Amino acid sequence: MTKTLAPVAGSQARRQTPGWDGAVTAVCIVLALLLAAFLMMATGMFAMAGDSCAPGSPCLDRVGNGIEVSLVGMAAVLVIGLCCVIVAAVTRTLRFGWALATLLVLPVPFAVGCDIANHAMQLSSVGP
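A few points on the structure. Predicted model only: the values in this text are computed from it and were never measured.

As for a nonpolar patch on the surface
Line of reasoning, step 1. A grouping of Val-69, Leu-100, Leu-104, Val-105, Val-108 and Val-112 is seen on the molecular surface, where their side chains present a nonpolar patch of about 470 Å² in accessible area.
Line of reasoning, step 2. When residues of the nonpolar patch are traced back to their parent elements, those giving at least two are α3 (96-105) and α4 (107-125).
Line of reasoning, step 3. No other element matches α3, which puts three residues into the nonpolar patch.
Line of reasoning, step 4. Here Leu-104 is to be found in helix α3.

Details of the nonpolar core
Most often, soluble globular proteins keep nonpolar side chains buried together rather than apart.
Line of reasoning, step 1. Formed by 17 residues in total, the largest nonpolar core has its most connected members in Ala-32, Cys-59, Val-63, Met-74, Leu-78, Leu-106 and Phe-110.
Line of reasoning, step 2. Counting only elements with at least two residues in this core, the list comes to α1 (19-43), α2 (59-90) and α4.
Line of reasoning, step 3. Top element by residues in this core is α2. It accounts for five residues.

Observations concerning the pattern of salt bridges
Line of reasoning, step 1. Taken as a whole and judged by the stated rule, the model has one salt bridge.
Line of reasoning, step 2. Here Asp-21 and Arg-95 are joined by a salt bridge, their closest N and O atoms 3.3 Å apart. Taken as a pair, Asp-21 in helix α1 and Arg-95 in the loop between α2 and α3 lie far apart in primary sequence, 74 residues in all.
Line of reasoning, step 3. Judged by relative accessible area, Arg-95 falls into the buried class, the value being 17%.

Conventions we followed
- Residues numbered from 1 in each chain as written.
- Predicted model: local features only at pLDDT ≥ 70, side-chain atom pairs only at ≥ 80, totals over all residues.
- Heavy atoms only, no water.
- Patch = residues over 30% accessible without salt bridge, like charges linked within 9 Å, V, L, I, M, F, W, Y side chains within 5 Å.
- Areas by Shrake-Rupley, 256 points an atom, 1.4 Å probe, with all protein chains shown as cover.
- Salt bridge = Lys/Arg side-chain N within 4 Å of Asp/Glu carboxyl O.
- Helix = DSSP H or I, 4+ residues; strand = E, 2+ residues; numbered from the N terminus.
- Core = buried A, V, L, I, M, F, W, Y, C linked by side-chain atoms within 4.5 Å.
- Buried < 20%, exposed > 50% of the residue type's maximum accessible area, 1.4 Å probe, protein only.

Here is the structure:
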């Protein structure tokens, strides 16, 4: 009797991801969610940039734009990052890279929104 090495349909071995991948991914996702919550609360401080705005000036609109960029940008980074982690889990590839990238990219929209609000504050302090 000889044994055949041909695979039986439907019994292909599934790729296994290492255990550390799941642990590092979970830690990165939890840190990203905590960082996002902190940065979203800190985004409320952008409203103080509008205190020096003169009534009727476009300064307030720019401060509002900075707040929107910060909040919407962070939400987009979280959603895209979590979707990438889910796709990586389904395809059985390493997930921690996507979770780490999400954690590292998360402060970028906050920094851009902060810069927009800061420029709006500077515009309002310029005399006529």
